[in-house]
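Examination of the molecular architecture
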Amino acid sequence: MWRHRLFFSVLYFIQGAALAYIINFQKPYLNGEGVSKEAIGIFTSLLLLPFIAKVGLGWLSDRLPFGSRAKRGVRKPYMIMGLGLFAICYLAISFLQPGDEFFTFAVLTWFASLGLALFDTCADAWAIDCASPSEQGAIQASMIAGKSLGLLTMAFLFGQMVDFWGFAAVFKTLASLAIVVLLVVIFVPYKKVQSEDEPLLKSWRELTQGFYIAFALFGVTYSVASFGTDGLLSLYLSEVKGDSVAALGNFGVVRGVGALAGAALYVLIGRQLGLLKTQYLAVIFLIMGCLLPLLSLPSLLIGLGWGMCWGFQETAYVTLAMRFARGAWAASFFAIAMIFSNLGTSLGEILGAPLISKIGYSGVFMGFALVASLSLFFVPIAFSRIRAQSDR
């Protein structure tokens, strides 16, 4: 079991490293290069399109394998392709100046996002294939831990790299990390475990039922608040508090530590409270996290508190998504669950930055807290199928 957790932690380290750049540095970097806030908001939302379209990538993994299933499984070849595309694009980006070549920069970054989305889709499906329902929370916590470890360590290192060598070093480092993870994927065997438990979803028709529509609405609303807040914090600290690039790197480090703590806390108390009560608690944490920037707190304390709230809520959601994604269409159904989250993330990016000039940072963060509160209405309906299955 510990080998599974270590493996998935390594897989998600590269995602954390990518987020370390995107969350903490990309917006201040592009803003400093003369790109407008409106263009940054649209550009960032477009990067999410491959993640919103993950259902198509999941369908490829579920139904169009290539090579030998016995040696590679149905996930590994696509993961290798995705990591390779990510590495090539970021290596090319390292030679560009976005202020003068923004279109080329944007296109390459978008294809890097596509590669990461393909890798992410198949890594999620691999976890579902290999984990029983009782293990899903721990596996997801290890994924969050790996992502958070990548986020905090690389945020710190990226902050130092920029001061010495500029952003080109950051992009080359991302490409190198992708190659390392690619080699790990090649050499780790794929072993699918058949579960005796009945999947919550048996067919595509069940995606139109009320409990799943509520789950979809919950995924959208929670992620508008969660990732909308997450995406604005570095810009807020840079513009309002005047934090330097190095300080933003330190903020990313403590945010990652907080996310690790939040994921660990979910594993500790989730088993005692159960999925439903833990999800209610996760939304309450999210509301509190959205309001943290309104308090007169040091940047590092904001990062630590927000990271804990984010890590707890994100672990809760992806664990719930895994429950709806087991069976023959594991990659497709989990990708659909992630579409809801990524759609909300895209909406948060589109709305957040442009609204700053109209209602200010305080108004935007309060708005995200309100959206998080609205997500509470969908939780009991979404959980009705899980309770019904448990009663049988």
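Rules used throughout
Residues numbered from 1 in each chain as written. Predicted model: local features only at pLDDT ≥ 70, side-chain atom pairs only at ≥ 80, totals over all residues. Heavy atoms only, no water. Core = buried A, V, L, I, M, F, W, Y, C linked by side-chain atoms within 4.5 Å. Buried < 20%, exposed > 50% of the residue type's maximum accessible area, 1.4 Å probe, protein only. Helix = DSSP H or I, 4+ residues; strand = E, 2+ residues; numbered from the N terminus. Axes fitted to C-alpha atoms, helices over the stretch in contact; angles between N-to-C directions. Parallel < 35°, antiparallel > 145°, perpendicular 65-115°, else oblique. Contact = heavy atoms within 4.5 Å. Nonpolar A, V, L, I, M, F, W, Y, C, P; charged D, E, K, R; others polar. Disulfide = S-S within 2.5 Å. Salt bridge = Lys/Arg side-chain N within 4 Å of Asp/Glu carboxyl O. Expected span 1.5 Å × (residues − 1). pLDDT = per-residue confidence, 0-100. 1 Å grid on protein atoms, 1.4 Å probe; cavity = no way out; pocket = protein on both sides within 12 Å on 5 of 7 lines; lining within 4 Å. Points joined across faces, edges and corners; volume = space filled by probe spheres on them. Left-handed = near helix turned anticlockwise from the far one by under 90°.

1. Topic: the nonpolar core
Within the largest apolar cluster, 115 residues are counted, with the highest numbers of intra-cluster contacts made by Leu 11, Tyr 21 and Phe 215. It is helix α10 (residues 210-239) that contributes the most residues to this core, 16 residues altogether.

2. Some points on the packing of helix α2 (residues 37-47) against helix α7 (residues 102-130)
Taken N-terminus to C-terminus, the directions of α2 and α7 make an angle of 30 degrees; their axes are 9 Å apart at the nearest point. The pairing of α2 with α7 is recorded here as roughly parallel in orientation. Seen from α2, the contacting residues are Phe 43, Leu 46 and Leu 47; seen from α7, they are Phe 102, Phe 105, Ala 106, Thr 109, Trp 110 and Ser 113. Split into classes, the residues belonging to the contact of α2 with α7 amount to 7 nonpolar, 2 polar and no charged.

3. Brief notes about the state of the cysteines
Counting across every chain of the model gives 0 disulfides. Its sulfur unpaired, Cys 290 is 8.4 Å from the next cysteine sulfur, which belongs to Cys 309. What makes Cys 309 buried here is its relative accessible area of 9%.

4. Let's talk about the pattern of salt bridges
Side chains carrying opposite charge are able to pair once their charged atoms draw close together. Summed over the entire model, instances satisfying the criterion amount to 1 salt bridge. Ionic pairing is found between Arg 255 and Asp 230, a salt bridge with its closest N-O pair at 2.9 Å. Linking Arg 255 in helix α11 (residues 245-291) with Asp 230 in helix α10, this pair joins segments that are 25 residues apart in sequence. Both residues of the pair, Arg 255 and Asp 230, belong to the buried class.

5. What to know about the environment of Gly 270
In this fold, Gly 270 is placed in helix α11. For Gly 270 and Leu 281, which are 11 residues apart along the polypeptide, the C-alpha to C-alpha distance reads 9.9 Å. Discounting residues that sit within four places of it in the chain, Gly 270 has contacts with Leu 265 and Thr 278.

6. Thoughts on the environment of Gly 84
Here Gly 84 lies in helix α6 (residues 76-93). Along the primary structure Gly 84 and Ala 175 are separated by 91 residues, whereas in three dimensions their C-alpha atoms are 8.7 Å apart.

7. Topic: α6
Spanning 18 residues, α6 covers 26 Å between terminal C-alpha atoms, matching the ideal 26 Å at 1.5 Å per step. For α6, the complete set of buried residues consists of Lys 76, Pro 77, Tyr 78, Met 79, Gly 82, Leu 83, Gly 84, Phe 86, Ala 87, Cys 89, Tyr 90 and Ile 93.

8. A word on the confidence of the model for the protein
Counting all residues, the mean pLDDT for the protein is 81, and 88% of those residues have values of 70 or more. Per-element confidence in the protein ranges from a low mean pLDDT of 48 for helix α5 (residues 69-72) to a high of 92 for α6.

9. What to know about empty space enclosed by the protein
This structure, assessed with the given rule, holds 3 cavities of 30 Å³ or more. Space inside the largest cavity adds up to approximately 690 Å³. Sorting the residues of the lining of the largest cavity by element identifies α1 (2-32), α2, α6, α7, α8 (136-165), α10, α12 (299-323) and α13 (330-374) as the ones contributing at least two each. For the lining of the largest cavity, the leading source of residues is α1, giving 7 residues. A breakdown of the residues in the lining of the largest cavity according to their chemical character gives 19 nonpolar, 9 polar and 8 charged.

10. Quick look at the packing of α10 against α11
The contact between α10 and α11 brings their axes to 11 Å, and the two run at 160 degrees. By the angle between their axes, α10 is roughly antiparallel relative to α11. Crossing hand, α10 versus α11: right-handed. Residues Phe 218, Tyr 222, Ala 225, Ser 226, Thr 229, Asp 230, Leu 233, Ser 234, Leu 237 and Ser 238 of α10 form the contact with α11, whose participating residues are Leu 248, Phe 251, Arg 255, Gln 279, Val 283, Leu 286 and Cys 290. A per-class count over the contact of α10 with α11 returns 10 nonpolar, 5 polar and 2 charged.

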